[in-house]
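Spelled out from the first residue to the last, the chains are:
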Amino acid sequence: MNQILSVLRYWLVNHPIILNFEWIQGQIFASTPLFLILTVFSYVFLTFLLSHIPIPSISPHFLKPISALHNFVLLILSFIMALGCTLSSIYHVPHLHWIICFPPRIPPVGPLFFWAYVFYLSKILELIDTLLIILTGSFQRLTFLHVYHHSTVLIMCYLWLHTSQSLFPIALVTNATVHVIMYGYYFLCTFGIRPKWKRLVTDCQILQFVFSFVVSGQMLYEHFGGSGAGCSGFWGWCFNAAFNGSLLALFINFHLKSYAANRKKKRI
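You'll find the protein chain entered in an unreviewed UniProt entry as very-long-chain 3-oxoacyl-CoA synthase, with Citrullus colocynthis given as the organism. Quoted verbatim from the Subcellular location (unreviewed entry) heading of the UniProt record, the comment on the protein chain is "Membrane". According to the UniProt record, the Sequence similarities (unreviewed entry) comment for the protein chain reads "Belongs to the ELO family."

A. A look at the state of the cysteines. Tallying each qualifying case throughout the model produces one disulfide. Disulfide partner of Cys101: Cys231, at an S-S distance of 2.0 Å. On the sign convention where negative means left-handed, the S-S torsion of about -105 degrees between Cys101 and Cys231 marks this disulfide as left-handed. One end of the pair, Cys101, is in the loop between helix H4 (60-91) and helix H5 (111-125); the other, Cys231, is in the loop between helix H9 (198-225) and helix H10 (234-267), and 130 residues separate them in sequence. Overall, Cys101 belongs to the buried group, its relative accessible area being 8%. Between Cys157, a free cysteine, and Cys85, which holds the nearest cysteine sulfur, the sulfur-to-sulfur gap is 12 Å. Given the relative accessible area of 0%, Cys157 is considered buried. Cys189 takes part in no disulfide bond, and the closest cysteine sulfur, belonging to Cys204, lies 15 Å away. Assessed through its relative accessible area of 14%, Cys189 is described here as buried.

B. Here's a closer look at a positive patch on the surface. On the surface, a cluster of positive charge is made up of Lys64, Arg141, Arg194 and Lys198. Tracing the backbone through its elements, the reader meets Lys198 in helix H9. Its relative accessible area of 49% is what places Lys198 among the partly exposed residues.

C. Structural view of the pattern of salt bridges. With the rule as written, the count across this model stands at two salt bridges. Where Lys123 meets Glu126, a salt bridge forms, and the shortest distance between an N and an O atom there is 3.1 Å. On the basis of relative accessibility, which here comes to 2%, the residue Lys123 falls in the buried class. By relative accessible area, which is 3% here, Glu126 ends up buried. Note that Asp203 is salt-bridged to Arg199, the shortest N-O span being 3.9 Å. Of this pair, Asp203 and Arg199 both sit in helix H9, separated by four residues, roughly a single helical turn. Residue Arg199 is classed as partly exposed on the basis of its relative accessible area, which comes to 38%.

D. Main features of the nonpolar core. Membership of the largest hydrophobic core comes to 47 residues, with the highest contact counts inside it found for Trp115, Tyr120, Phe168 and Leu172. What Phe168 contacts, discounting residues up to four positions off in sequence, is Phe102, Leu112, Phe113, Ala116 and Trp160. In this structure, Ile99, Ile100, Met219 and Cys231 belong to the second largest nonpolar core, which totals 11 residues.

E. Geometry of the environment of Val201. Structurally, the position occupied by Val201 is in helix H9. A relative accessible area of 8% means that Val201 is categorised as buried. Along the backbone, Val201 and Tyr183 are 18 residues apart, and their C-alpha atoms lie at a distance of 9.4 Å. Setting aside residues no more than four positions away along its own chain, Val201 makes contact with Ile181, Met182 and Tyr185.

F. Looking closely at the UniProt feature "transmembrane region" (unreviewed entry) in the protein chain. Here the UniProt-annotated "transmembrane region" (unreviewed entry) positions come out as residues 28-51, 72-92, 112-135, 142-161, 167-188, 200-221 and 233-256. Annotated as 95% helix and 0% strand, the span residues 72-92 places its first and last C-alpha atoms 29 Å apart. Taken end to end, residues 167-188 comprises 95% helix and 0% strand; its first and last C-alpha atoms sit 32 Å apart.

G. Here's a closer look at the packing of aromatic side chains. The full count for this structure, using the stated rule, is 24 aromatic pairs. Feature note: the residues Phe21, Trp23, Phe114, Trp115, Tyr117, Tyr120 and Tyr158 constitute an aromatic cluster, connected by ring pairs. Directly above the ring of Tyr186 sits Arg141, whose terminal nitrogen or CZ lies 5.3 Å from the centroid.

H. Expanded view of the side chain of Asp129. Structurally, Asp129 is set in helix H6 (residues 128-136). A polar contact of 2.4 Å, which involves the side chain of Asp129, links it to the side chain of His70. There is a polar contact of 2.7 Å between the side chain of Asp129 and the side chain of Tyr183. Sequence-distant contacts of Asp129, that is, excluding residues within four places in its chain, are made with His70, Leu74, His146, His150 and Tyr183.

Criteria and thresholds
Residues numbered from 1 in each chain as written. Predicted model: local features only at pLDDT ≥ 70, side-chain atom pairs only at ≥ 80, totals over all residues. Heavy atoms only, no water. UniProt positions renumbered as here; feature names shortened; annotations may be inferred. Disulfide = S-S within 2.5 Å. Helix = DSSP H or I, 4+ residues; strand = E, 2+ residues; numbered from the N terminus. Buried < 20%, exposed > 50% of the residue type's maximum accessible area, 1.4 Å probe, protein only. Patch = residues over 30% accessible without salt bridge, like charges linked within 9 Å, V, L, I, M, F, W, Y side chains within 5 Å. Areas by Shrake-Rupley, 256 points an atom, 1.4 Å probe, with all protein chains shown as cover. Salt bridge = Lys/Arg side-chain N within 4 Å of Asp/Glu carboxyl O. Lys, Arg positive; Asp, Glu negative; His and termini not counted. Charge placed at Lys NZ, Arg CZ, Asp CG, Glu CD. Core = buried A, V, L, I, M, F, W, Y, C linked by side-chain atoms within 4.5 Å. Contact = heavy atoms within 4.5 Å. Phe/Tyr/Trp six-rings, centres within 6.5 Å; stacked < 30°, edge-to-face > 60°. Lys NZ or Arg CZ within 6 Å of the ring centre and 35° of its normal. Polar contact = N/O pair within 3.5 Å; in protein donor to acceptor, adjacent residues only side chain to side chain.

Here is the structure:
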């Protein structure tokens, strides 16, 4: 067990690429505000365009392997990110409370910020979800919640790095863990297996947002009433909190509509 842990610590925390990572705006891939703006705009524009123009039908036999591979890659990547950020939080930060409140003006360097960068890039990869939905003609899944979440989460992840935002390690681990469940479900669906725990995905997403508000209370205490120095990236956290609040409201609305409709069908 110690040998396995030692190997994981090296490859997920102490590898030179991870240990010496530094977010430098304009010097690493996808780090400029222009890239972020163009990516979000292109995603929203192309989603609107492709969902309103006729597209030739594509054989499910062709799309299913692509969808399965996409879901499997994101499942494994989500698991690695959750594990890597957890181990980095345990073995690298000087004090464990740093995962809640980074010291002011902390530079975005080291393993935690490496995993924040990987997480940011993974959100770009997740945009393929929308293309697959359009190509399969499953337009009932192409909701405002879906597009809003995919586009705005990119801005949130960028701010994690740009502002050295406090609390992001907890948000990263909880979100990546939820995505292991979600992409595991979608991966099985591509093989015609529909697990009975579909509702668990939405419930976990709602629980994730509620948990983020609970731990945010501790961060606010540290920022305003702790040492007096404050926490790094407070304005980035403000955007994050507003985004999570809006998502929580949308997910609860989706949850109520979806499962209320299912209960009505069962009664009929």
